[in-house]
Amino acid sequence: MAVPEFDRVVASRLVLRRLRADDLEALVAYRNDPEVARYQSWSDYDAKRGSALIESMHGRQPGEPGWFQFAIALKDTDALVGDCALRTDDDVRTGEIGFTLSRQHQGKGLGTEAVRALLGYTFDTLQMHRVIGVTDAKNTAAATVLERVGMRREGHYLENAWFKGAWGDEFLYALLGREWARATKR
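Residue numbers restart at each chain and count upward from 1, following the sequence in its written direction. In keeping with the predicted nature of the model, local features appear solely for residues at pLDDT of at least 70, side-chain atom pairs appear and are counted solely at 80 or more, and the whole-chain, interface and lining totals rest on all residues. Side-chain calculation: all heavy atoms of the structure are included, whereas hydrogens and water are not.

### Digging into the overall build of the protein chain
Link 1 in the chain: Secondary structure elements are taken from DSSP: a helix is a run of H or I of four residues or more, a strand is a run of E of two residues or more, and numbering for both begins at the N terminus. Each helix and strand counted, the protein chain has 6 helices and 8 strands in total.
Link 2 in the chain: Counted from the first residue to the last, the protein chain has its helices and strands arranged as β-β-α-α-α-β-β-β-α-β-α-β-β-α.
Link 3 in the chain: Between the two quantities, the radius of gyration covers C-alpha atoms and the globule rule is 2.2 Å times the number of residues to the power 0.38. On C-alpha atoms alone, the protein chain measures out to a radius of gyration of 16 Å, which is about the 16 Å that the 2.2 N^0.38 rule sets for 186 residues.
Link 4 in the chain: Projected onto the principal axes, the alpha-carbon positions of the protein chain cover approximately 40 × 40 × 35 Å.
Link 5 in the chain: Burial here depends on accessible area, computed with a 1.4 Å probe over protein chains only, as a share of the maximum for the residue type. Under 20% is buried, over 50% is exposed, and the range in between is partly exposed. Taken across its 186 residues, the protein chain has 48% of its residues classed as buried.
Link 6 in the chain: Every residue pair with non-hydrogen atoms within 4.5 Å of one another is taken to be in contact. Of the contacts made within the protein chain by residues no fewer than 6 positions apart, 59% connect residues no fewer than 24 positions apart.
Link 7 in the chain: Surface exposure here means Shrake-Rupley accessible area, sampled with a 1.4 Å probe, where a residue is shielded only by the protein chains that are shown. Total accessible area on the protein chain is roughly 9900 Å²; 50% of this is exposed by carbon and sulfur atoms.
Link 8 in the chain: Counted as positive: Lys and Arg. Counted as negative: Asp and Glu, with His and the chain ends omitted from the count. Every charge is mapped to an atom, namely NZ of Lys, CZ of Arg, CG of Asp or CD of Glu. Mean positive and mean negative side-chain charge positions of the protein chain (26 and 27 charges, respectively) differ by 5 Å.

### Remarks on the pattern of salt bridges
Link 1 in the chain: For salt bridges, the criterion is a side-chain nitrogen of Lys or Arg within 4 Å of an Asp or Glu carboxyl oxygen. What the rule picks out here adds up to 16 salt bridges.
Link 2 in the chain: A salt bridge links Arg-31 to Asp-83; the nearest nitrogen and oxygen atoms lie 2.8 Å apart. Here the residue Arg-31 occupies a position in helix H1 (residues 24-31), and Asp-83 occupies one in strand S4 (residues 80-88), the gap between them amounting to 52 residues.
Link 3 in the chain: Here Arg-31 falls in the buried class, since its relative accessible area comes to 6%.
Link 4 in the chain: Residue Asp-83 is classed as buried on the basis of its relative accessible area, which comes to 1%.
Link 5 in the chain: With its nearest N and O atoms 2.6 Å apart, the salt bridge here joins Glu-154 to Arg-130. Highlighted residues: Glu-154 in strand S7 (residues 152-163) and Arg-130 in strand S6 (residues 130-136), separated in sequence by 24 residues.
Link 6 in the chain: Of the residues examined, Glu-154 reaches a relative accessible area of 37% and is grouped as partly exposed.

### A few points about the sheet that holds strand S3 (residues 66-74)
Link 1 in the chain: Criterion used throughout: strands pair if DSSP finds at least two bridges between them. Reading across the sheet, the 8 strands line up as S1-S2-S3-S4-S5-S6-S8-S7 and stay open at both edges, with mixed pairing between neighbours. Unpaired on one side and paired on the other, strand S1 (8-10) and S7 mark the two borders of the sheet. Across the sheet, the mean angle from the axis of one strand to that of its neighbour is 25°, orientation sign disregarded.
Link 2 in the chain: For strand S2 (residues 14-18) and S3, the ladder comprises 5 bridges, and the chain directions are antiparallel. Counted as the bridge partner of Arg-18 is Phe-70 from S3. Structural elements are reduced to axes, namely lines fitted to C-alpha atoms, with helices fitted over the stretch in contact, and the angle between N-to-C directions of any two is expressed from 0 to 180 degrees.

### Overview of the packing of aromatic side chains
Link 1 in the chain: For this analysis, a ring pair means two rings from Phe, Tyr or Trp (six-membered ring only for Trp) whose centres lie within 6.5 Å, classed as stacked if their planes differ by under 30 degrees, edge-to-face if by over 60, and tilted for the remaining angles. One pass over the structure, following the stated rule, counts 9 aromatic pairs.
Link 2 in the chain: Where Phe-6 meets Phe-70, the ring centres are 5.1 Å apart and the plane angle is 85°; that geometry is what we call edge-to-face. With Phe-6 in the segment before S1 and Phe-70 in strand S3, this residue pair connects regions lying 64 residues apart in the sequence.
Link 3 in the chain: Since its relative accessible area comes to 0%, Phe-70 is described here as buried.
Link 4 in the chain: Grouping aromatic residues by their ring pairs yields a cluster made of Phe-6, Phe-68, Phe-70 and Tyr-121.
Link 5 in the chain: In this structure, Arg-153 packs its charged tip against the face of Phe-171, placed 3.6 Å from the ring centre. By definition, being over a ring means that NZ of Lys or CZ of Arg is both within 6 Å of the ring centre and within 35 degrees of the ring normal.

### Some details on unusual backbone geometry
Link 1 in the chain: For Asp-44, which is not glycine, the phi torsion reads 50° and is therefore positive.
Link 2 in the chain: Within the element layout of this structure, Asp-44 appears in the loop between helix H2 (34-37) and helix H3 (47-56).
Link 3 in the chain: Of the residues examined, Asp-44 reaches a relative accessible area of 66% and is grouped as exposed.
Link 4 in the chain: Here Asp-78, not a glycine, exhibits a phi torsion of approximately 65°, which is positive.
Link 5 in the chain: Residue placement: Asp-78 occurs in the loop between S3 and S4.

Here it is as C-alpha cells:
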C-alpha cells in the first residue's frame, strides 16, 4: 500500500502537523525541561539536537519504516505544545506510538486528544492493523492517556530497560484496528 502524503490531522483543540524550523525554540524548551524528559530517552536537549530532528523529518512520510515525529500545535494559534511519533518497521501494518507534551500543557486533556488524533490517522488513513505504546511503569500520566484512548495493557516488563542509570519496568499497551473502528462508531 502506498503511503499517502501527510499534511495535517485536525482535532478539536489541536493540529498534528509537520515540525518546522520555527518550532525549534519551543521544542528545545520543553524537551530540555527535566520534568518532561524524566521518562524520555533524552537529557540535555539542545538546539543542535532539535534542528537535527526537524531536518530529519523533511521528505519523510508517516507510515514509512522508521520514526516520524509530528508536531502537536494548538489549533487557534499554531503554537507548538508537544510532539508525538509513529514508528513502523518493514511491515507497515503495525506501528508504535509515543508522545511528549510541554509541562504547562499537561493535565488539560491535550495529550489524550493528540493520541486519539494520532490513532485515528494510523487506523483510518494508514489502515494499520495493530498499534502499540510502551511507557515507563512509573509514568502514570502516560499510562492513563493510553488507557483513556482505549489501549489495553498487554505486558509489564520487569527491569527490562537500563534507563538513566537504573533498571526500569515498562508497560506495553496495544490496540487493534478493528477495536478502534468499533469504539469510534459508537
